[in-house]
Amino acid sequence: MDSNFQAVLQKAAGQQPLSKEDIVTLLKAKPGNQQRELFALADKVRQQHHGNVVHLRGIIEFSNYCRNDCHYCGLRRSNRNISRYRMTVQQVIEASRRAIELGYNTIVLQSGEDPWYDVNTLCRMIAEIKKIKNVAITLSIGERSKEEYQQLYRAGADRFLLKHETADRQLFSSLRPGTSFERRLQCLQWLRESGYQLGSGNMVGLPGQTLDSLAEDILLLKKLDVEMAGIGPFIPHPQTPLAGQPAGDLQLALKTLAVARIMLPLCHLPATTAAGTMHSEGRQMALNCGANVIMPNVTPLKYRRLYQIYPNKAGVTDDPQQSLQKIVGIIHQVGREVAAGRGDSPKPVFQKGY
Ligand code: SAH
Ligand code: SF4
């Protein structure tokens, strides 16, 4: 068993293709030496391809309305226990302006799946932000039609984050009623064809999820050849059907992140807020096993506590400036620096010389 772990780690270190079984072996790395060696390899790959810098992405959570009913998420439409809000286009532009003044070169616009924002409204939002500065704009607004994805891209959106959530089809359908895995993959394909820098990812520790299916998650990210991947622990929300279920294991989430880093060397991988919520040093740990991105929250304070995808989200009481200070502190604490520039994918096709 131990010699098998060493053999697979050697294979990984040589950038040889890893099978599902190999990935499971790495995900089983025991606390202590094995885990340390896995994290050290991921850290080395990160250093080789991304250097000593961490990219910052300022995230604006502009609406907590959602037409979906995902069993894991506090924004699900059946949750009658939250006050819903929608930021106006003007409010989003003001929040973006503030983020740009603070030095952000990427703005992430995230929301529940909220058709109230039709494609023209979203295009206007994107174009107005671009007028302030040619920052990169990432959308994380869920499933739309191919035509809408194309229009949003033409309006100036550069990147799109649509996590596949879990590659276990059965788990996917049971946790996301009314949606389908095939449709999710179709959307990812449309986004790819539209020209976006593509982001996907998955949660770790969903009830019923196996190591085998986590290996499938990583293989899917590899197949999609994503430019970014959000991999974070599942955190149960009290007003959802998964209330009372155990949270995902942070160590397992970190191991998944580490294997993803080794197998997708060029991919941007955030140290997730969920990791920072599970443990006060969760994001530092993630930065030390492959992560090279952090997404500080720049949502106006009055809306922030209402965007409760999961409870006790790290940084929920900080204003944008405080969030930034804390995160720069985390970056310096692990001996790294804040990156300059937009932090586009290092793949040549996305290097447009901004
Ligand atoms: N509505 C959009 C974007 C907002 S949700 C979408 O679903 O794509 C953003 C991410 O939050 C989801 O992709 C999911 O991975 C994550 N998330 C939702 N509930 C969570 C929970 N309970 N614990 C951890 N992450 C969660
Ligand atoms: Fe809506 Fe996204 Fe939450 Fe699902 S995960 S309920 S789509 S906000």
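Basis of the calculations
Residues numbered from 1 in each chain as written. Chains lettered and ligands numbered in written order. Predicted model: local features only at pLDDT ≥ 70, side-chain atom pairs only at ≥ 80, totals over all residues. Heavy atoms only, no water. Near = heavy atom within 4 Å. Polar contact = N/O pair within 3.5 Å; in protein donor to acceptor, adjacent residues only side chain to side chain. Areas by Shrake-Rupley, 256 points an atom, 1.4 Å probe, with all protein chains shown as cover. Nonpolar A, V, L, I, M, F, W, Y, C, P; charged D, E, K, R; others polar. Helix = DSSP H or I, 4+ residues; strand = E, 2+ residues; numbered from the N terminus. Buried < 20%, exposed > 50% of the residue type's maximum accessible area, 1.4 Å probe, protein only. Axes fitted to C-alpha atoms, helices over the stretch in contact; angles between N-to-C directions. Left-handed = near helix turned anticlockwise from the far one by under 90°. Contact = heavy atoms within 4.5 Å. Salt bridge = Lys/Arg side-chain N within 4 Å of Asp/Glu carboxyl O. Pairing = 2+ DSSP bridges.

K.L.:
Sorry if this is basic, but what is going on with the site of ligand 1 here?
P.N.:
In the region of ligand 1, 17 residues are neighbours, and Y72, K163, E165, I235 and I309 sit closest. Here K163 contributes a side-chain N or O atom positioned 3.0 Å from an oxygen atom of ligand 1. Relative to its unbound accessible surface of 540 Å², ligand 1 loses 92% to contact with the protein. Considering only residue class, the shell around ligand 1 consists of 9 nonpolar, 4 polar and 4 charged.

K.L.:
Looking at this structure, how should I read the site of ligand 2?
P.N.:
Taken together, C66, N68, C70, Y72, C73, L75, R76, G112 and R176 are the residues near ligand 2. Of the residues in the shell around ligand 2, the class split is 5 nonpolar, 2 polar and 2 charged.

K.L.:
Help me understand unusual backbone geometry, please; the structure alone is not making it clear to me.
P.N.:
Only a minority of non-glycine residues have a phi that is not negative, and only a minority of peptide bonds are not trans. A positive phi angle, near 55°, is found at Q15, a position not held by glycine. Inspection of the secondary structure assignment puts Q15 in the loop between α1 (2–13) and α2 (20–27). In this structure, E165 takes a positive phi of about 75° despite not being glycine. With respect to the element layout, E165 can be found in the loop between β5 (159–161) and α7 (169–175). Residue class for E165 comes out buried when judged on its relative accessible area of 10%.

K.L.:
Explanation requested: the packing of helix α6 (residues 146–154) against helix α8 (residues 181–194) in the structure shown.
P.N.:
Angle between the axes and distance between the axes are the two parameters that describe a pair of packed helices. Following both chains from N to C, one finds α6 and α8 inclined at 35°, their axes separated by 9 Å at the closest point. As for how α6 packs across α8, the hand of that crossing is right-handed. When α6 is examined against α8, the residues K146, Y149, Q150 and Y153 are found in contact with a partner set consisting of C187, W190, L191, E193 and S194. When its residues are assigned to classes, the contact of α6 with α8 shows 5 nonpolar, 2 polar and 2 charged.

K.L.:
Explain the pattern of salt bridges to me, please; I cannot follow it from the model alone.
P.N.:
Pairs can form between side chains of opposite charge whenever their charged atoms are close. In the structure shown here, the tally under the stated rule is 24 salt bridges. A salt bridge links R184 to E165, with the shortest nitrogen-to-oxygen separation between them at 3.4 Å. Residue R184 is located in helix α8, and its partner E165 is located in the loop between β5 and α7; the two are separated by 19 residues in the primary sequence. Residues K326 and D318 are paired through a salt bridge, measuring 2.9 Å at the closest nitrogen-oxygen approach. Beyond isolated ion pairs, a larger network of salt bridges with shared partners links K130, D158, R159, R342 and D344.

K.L.:
Got a minute to help me understand the sheet that holds strand β8 (residues 293–294) in this structure?
P.N.:
Strand pairing in a sheet relies on backbone hydrogen bonds. The paired strands run either parallel or antiparallel. Spatial ordering of the open sheet is given by β8-β1-β9, a layout of 3 strands whose pairing is parallel. Edge positions in the sheet fall to β8 and β9 (337–338), since each of these pairs with one other strand and no more. Pairing geometry for strand β1 (residues 53–56) and β9, over 2 bridges, is parallel. Along β9, the bridge assignment pairs V54 with V338.

K.L.:
Please explain the sheet that holds strand β6 (residues 197–204) as it appears in this structure.
P.N.:
Read from one edge to the other, the open sheet built from 6 strands follows the order β2-β3-β4-β5-β6-β7, with strand pairing classed as parallel. Edge positions in the sheet fall to β2 (58–63) and β7 (228–233), since each has one partner strand and no second. Neighbouring strand axes in the sheet, compared pairwise and without regard to direction, differ in orientation by 20° on average. Relative to strand β4 (residues 136–140), strand β3 (residues 106–111) is paired through 5 bridges, and the arrangement is parallel.

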